[in-house]
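# Descriptive structure summary
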Amino acid sequence: MLRQDINELLTQTGPGTPMGDLFRQYWIPALLAEELPENDSPPVRVKLLSERLIAFRDSDGRYGLIDEFCAHRGASLWFGRNEGSGLRCPYHGWKYDVTGQCVEVPSEADNSSFCENVKLRAYPLVKVGDILWTYMGDPAKRPDLPEYEFAHVPQEQTYTSKRWQQCNWLQAFEGGIDSSHVTFLHSGGLKSDPLFKGAKGNEYNMKDTKPFFEVADSEGGLFVGARRNAEEGTYYWRITPWVMPAFTMVPPRGDHPVHGHFWVPIDDENCWTYSFDYHPARPLTAAERQAMIDGHGVHSKNIPGTYRPVANMDNDYLIDREAQKRGETYSGVAGIAMQDASLQESMGPIVDRTKERLVPADSGIIKARQKLRKAAIALRDEGVTPPGVDTAHHRVRSAAVVLPQAESFLDSCRDAVKATPGVPHSSV
Amino acid sequence: MATLPMYASESARAASASESRYRITVPIAPARNARVIALDARSAAVARRISDGPWANARFYTCEATRGRRRADEVLLHGIDGVPAALDDMLRGTDVVVVIATDDSGGALAAAIGSACSARAITTAGVVLGDGFEADDAVAALRPHARVLLLSADESDAFELLRALRV
Ligand code: FES
Ligand SMILES: [Fe+2]
């Protein structure tokens, strides 16, 4: 359980909140690059950390993320005309560039300096990999661009999708470090999902359904190791890294691409789940990429033209009780992504953590909350830069390894959990 | 036969904030009867500090290093008030044991306590404070038995774990 005041601290990310300020120390995903496919493409509404913004790509290919509403009388710039190196409000023609600077107010005299004093709040928007990242904090403290491996391998080795999740970011994120649910909720997927099946590790997973856990601090966050019995005298370890604030990776399976997530608060009751899949050492095959597009693995099948999953709370996630009975799925919901989302959303928009009954196997979650709370308070009270801002912290990987029983996964996997360009991930 | 949901509260859409108001609220009784055992001098200090927290059923013990003494029936504990207690008696009626270690001096004890808990189907958690290297042996001794090992530089993790477990 968690005290109510701490639950509020960790779940509220709007401007001026401690957790909101924490998120504003980092570059975070704002949208997918595919949403602004070309110069002068239609602007996109983006709500992030409870701020309503407009993203656009101007005639010169520059990206901008600015206040959604026109400084004149507050019309939404989503209706704007994206042309001539700026976004023009169609109501009275005020025009803004990617920095939010007003560059034209047609009702004023030619050469009037009036518009120089009109500037909308704007944040940098930079493409790294398949994602357009933004930094919403103090410009003077802007860190280096993110160095997560999935965003830096060659394009043919990586794929990223996103989906709208109708709950607070924290309960979505907590699923990412909660290794103990996999054996139950996702058991069907280990057998059938094209992006999971066939790995030797899956056998250990299925055979030993009561993993042991080790949770250890890392420079950027945590490593959560889940251990199962393997051959005589050995353990099968699955190591999940968390980099603050909201980056996690799933331990790999065989030579399948390795995947992970980034959870980004939209507002306090909604978040974006970004899901990526990449292979550090080879291009994704056509079949793998197609499987990802089709919503297999950690990805979701979305309603065409949207980032809302086809299976969602308005249709009971298309639950299939027969498939559940047959054992194809454990919960009756199809797909890893929606198996997670359906349960996380069912907890309510912000789960009441005062009512939980946690067990020792939840230690990863207990520790992560503690780290978030401490980092938010150290930032608020003493201005301490939190873990995960330093880009060296981004260069981590998940790993799945078999080790002699006496070995510590931290010692034995020092290299395995480091992202080394071109070197395949450690996986069984 | 599958039936179609009729009201909001009969569908997944009831995950709204307004429908959350109708969740049943009953006081949650502390379900755990926890024992916290400090394995060495530094962890004994930690246990002492957290022992006067808001605990319902948790009881705190220390045990000094007893190299060579490995059998569970030989492990002698002391309550935080100094009253001696045999491991066997102490484990009676408990369902979770949290072991705290900061260095290797408690390695042999860790093994004895861990296997005693395993034999009694008592869930065991280990909190290992420090940078992880000073307590290598203690970690290795706990590993086969502890459902969870929390390796942490942060002493307050022991407190947070106990609070999260509602002990
Ligand atoms: S078993 Fe974990 S939420 Fe129900
Ligand atoms: Fe999951």
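Residues numbered from 1 in each chain as written. Chains lettered and ligands numbered in written order. Predicted model: local features only at pLDDT ≥ 70, side-chain atom pairs only at ≥ 80, totals over all residues. Heavy atoms only, no water.

Our focus in this paragraph is the overall build of chain A. The secondary structure content of chain A amounts to 11 helices and 19 strands. Relative to its length of 428 residues, chain A is compact, with a C-alpha radius of gyration of 22 Å against a globular reference of 22 Å. Seen along its three principal axes, the alpha-carbon backbone of chain A occupies a region of about 85 × 50 × 45 Å. Here chain A holds 428 residues, and 60% of them are scored as buried. Long-range contacts, defined here as pairs at least 24 residues apart, represent 61% of the contacts in chain A between residues at least 6 apart. Summed over all atoms, the accessible surface of chain A reaches about 16800 Å², with 52% contributed by carbon and sulfur. Both charge centroids of chain A, one from 47 positive and one from 57 negative side chains, sit 3 Å from each other. (Helix = DSSP H or I, 4+ residues; strand = E, 2+ residues; numbered from the N terminus. Rg over C-alpha atoms; globule rule 2.2 N^0.38 Å. Buried < 20%, exposed > 50% of the residue type's maximum accessible area, 1.4 Å probe, protein only. Contact = heavy atoms within 4.5 Å. Areas by Shrake-Rupley, 256 points an atom, 1.4 Å probe, with all protein chains shown as cover. Lys, Arg positive; Asp, Glu negative; His and termini not counted. Charge placed at Lys NZ, Arg CZ, Asp CG, Glu CD.)

What follows concerns the pairing of strand E3 (residues 51-57) of chain A. Residue and element names in this part refer to chain A. E3 sits mainly inside the fold: 6 of its 7 residues count as buried. Two successive antiparallel strands, strand E2 (residues 44-48) and E3, enclose a turn made up of 2 residues, where Leu 49 displays a positive phi of approximately 45°. Across 5 bridges, E3 lies against strand E4 (residues 63-67) in antiparallel orientation. Within the sheet, the bridge partner assigned to Leu 53 lies in E4 and is Asp 67. Linking E3 back to E4 in an antiparallel pair, the connection comprises 5 residues, with Gly 61 at a positive phi of about 85°. (Pairing = 2+ DSSP bridges.)

Turning next to the interface of chain B and chain A. Facing 39 residues of chain B, the contacting portion of chain A comprises 45 residues. Summed over the shared surface of chain B and chain A, the result is 5 salt bridges. Note that Arg 143 of chain B and Glu 214 of chain A form a salt bridge whose closest N and O atoms lie 2.6 Å from each other. Applying the counting criterion to the chain B and chain A interface returns 26 residue pairs in polar contact (both at pLDDT 80 or more). Contributing elements (two or more residues each) for the side of chain B that touches chain A: helix H1 (17-20), strand E6 (123-129), strand E7 (148-152) and helix H6 (156-164) of chain B. With 6 residues, the top contributor of residues to the side of chain B that touches chain A is H6 of chain B. Strand direction decides the pairing type here: strand E13 (residues 212-217) of chain A and E7 of chain B, joined by 4 bridges, are parallel. Residue pairing across strands places Ala 216 of chain A opposite Leu 151 of chain B, the latter belonging to E7 of chain B. (Salt bridge = Lys/Arg side-chain N within 4 Å of Asp/Glu carboxyl O. Polar contact = N/O pair within 3.5 Å; in protein donor to acceptor, adjacent residues only side chain to side chain.)

A separate point is the nonpolar core. Leu 31 and Leu 372 of chain A are the most contacted members of the largest nonpolar core, which has 80 residues in total. Sequence-distant contacts of Leu 372 of chain A, that is, excluding residues within four places in its chain, are made with Leu 10, Met 19, Leu 22, Trp 169, Leu 170, Phe 173, Trp 242, Met 244 and Pro 245 of chain A. Counting residues in each nonpolar core, the second largest holds 30 residues, with Ala 216 of chain A together with Tyr 61, Ala 141 and Leu 142 of chain B among its members. (Core = buried A, V, L, I, M, F, W, Y, C linked by side-chain atoms within 4.5 Å.)

With respect to the element layout, Ala 406 of chain A can be found in the loop between strand E19 (399-404) and helix H11 (409-412). The spatial distance from the C-alpha of Ala 406 of chain A to the C-alpha of Tyr 235 of chain A is 9.1 Å, given a sequence separation of 171 residues.

What follows concerns the coordination of the iron ion (ligand 2). Residues and elements named next belong to chain A. Protein coordination of the iron ion (ligand 2) is provided by His 181 (NE2), His 186 (NE2), Asp 340 (OD) and Asp 340 (OD), with donor distances spanning 2.1 to 2.3 Å. Because the angles between the 4 donor atoms bound to the iron ion (ligand 2) fall within 59 to 147°, the donor set is best described as irregular. Spacing between the donor residues of the iron ion (ligand 2) along the chain follows H-x4-H-x153-D. Here Asp 340 lies in helix H9 (residues 336-346) and His 186 lies in the loop between helix H4 (182-185) and helix H5 (187-192), a separation of 154 residues in the sequence. Overall, the relative accessible area of 14% leaves Asp 340 in the buried class. (Donors = N, O, S within 2.8 Å, 3.2 Å for Na, K, Ca; no water. Tetrahedral: all angles 85-135°; square planar, octahedral: opposite > 155°, others 65-115°.)

We now examine the confidence of the model for chain B. Per-residue confidence for chain B gives a mean pLDDT of 86; residues scoring 70 or more make up 88%. For this predicted complex, the interface confidence score (ipTM) comes to 0.91, while the overall pTM stands at 0.95. (pLDDT = per-residue confidence, 0-100.)

Okay, the environment of Val 139 of chain B next. Residues and elements named next belong to chain B. Of note, Val 139 is situated in helix H5 (residues 136-142). Exposure remark for Val 139: the relative accessible area of 6% places this residue in the buried category. Along the chain, Val 139 and Glu 155 lie 16 residues apart, while their C-alpha atoms are 16 Å from each other. Other than its neighbours up to four places away in sequence, Val 139 contacts Val 128, Leu 149 and Leu 151.

This part covers the pattern of salt bridges. All names here are of chain A. Under the definition given, this model contains 37 salt bridges over all chains. Between Asp 267 and Lys 47 there is a salt bridge; the shortest N-O distance is 2.6 Å. Placement of the pair is Asp 267 in strand E17 (residues 258-267) and Lys 47 in strand E2, with a sequence separation of 220 residues. Using a relative accessible area of 31% as the deciding quantity, one classes Lys 47 as partly exposed. Salt bridges here are not isolated pairs; linked through shared partners, they connect Arg 81, Glu 83, Arg 88 and Glu 104.

What follows concerns unusual backbone geometry. The linkage connecting Met 244 of chain A with the following residue, Pro 245 of chain A, adopts the cis geometry, with an omega of 5°. Relative to the helices and strands, Pro 245 of chain A is located in the loop between strand E15 (234-243) and strand E16 (247-250). Backbone geometry places Leu 49 of chain A, a non-glycine residue, at a positive phi of 45°. Note on Leu 49 of chain A: relative accessible area 0%, which makes it buried. With a phi angle near 55°, Ala 121 of chain B is a residue other than glycine that sits in the positive phi range. As for its position among the elements, Ala 121 of chain B is in the loop between helix H4 (107-119) and E6.

A few words on the sheet that holds strand E9 (residues 122-123) of chain A. All names here are of chain A. Taken in spatial order, the 4 strands make up an open sheet running E2-E3-E4-E9, and their pairing is antiparallel. Whereas interior strands pair on both sides, the edge strands pair on one side only; in this sheet they are E2 and E9. Strand direction decides the pairing type here: E4 and E9, joined by 2 bridges, are antiparallel. The residue bridging Ile 66 from the neighbouring strand is Ala 122, located in E9.

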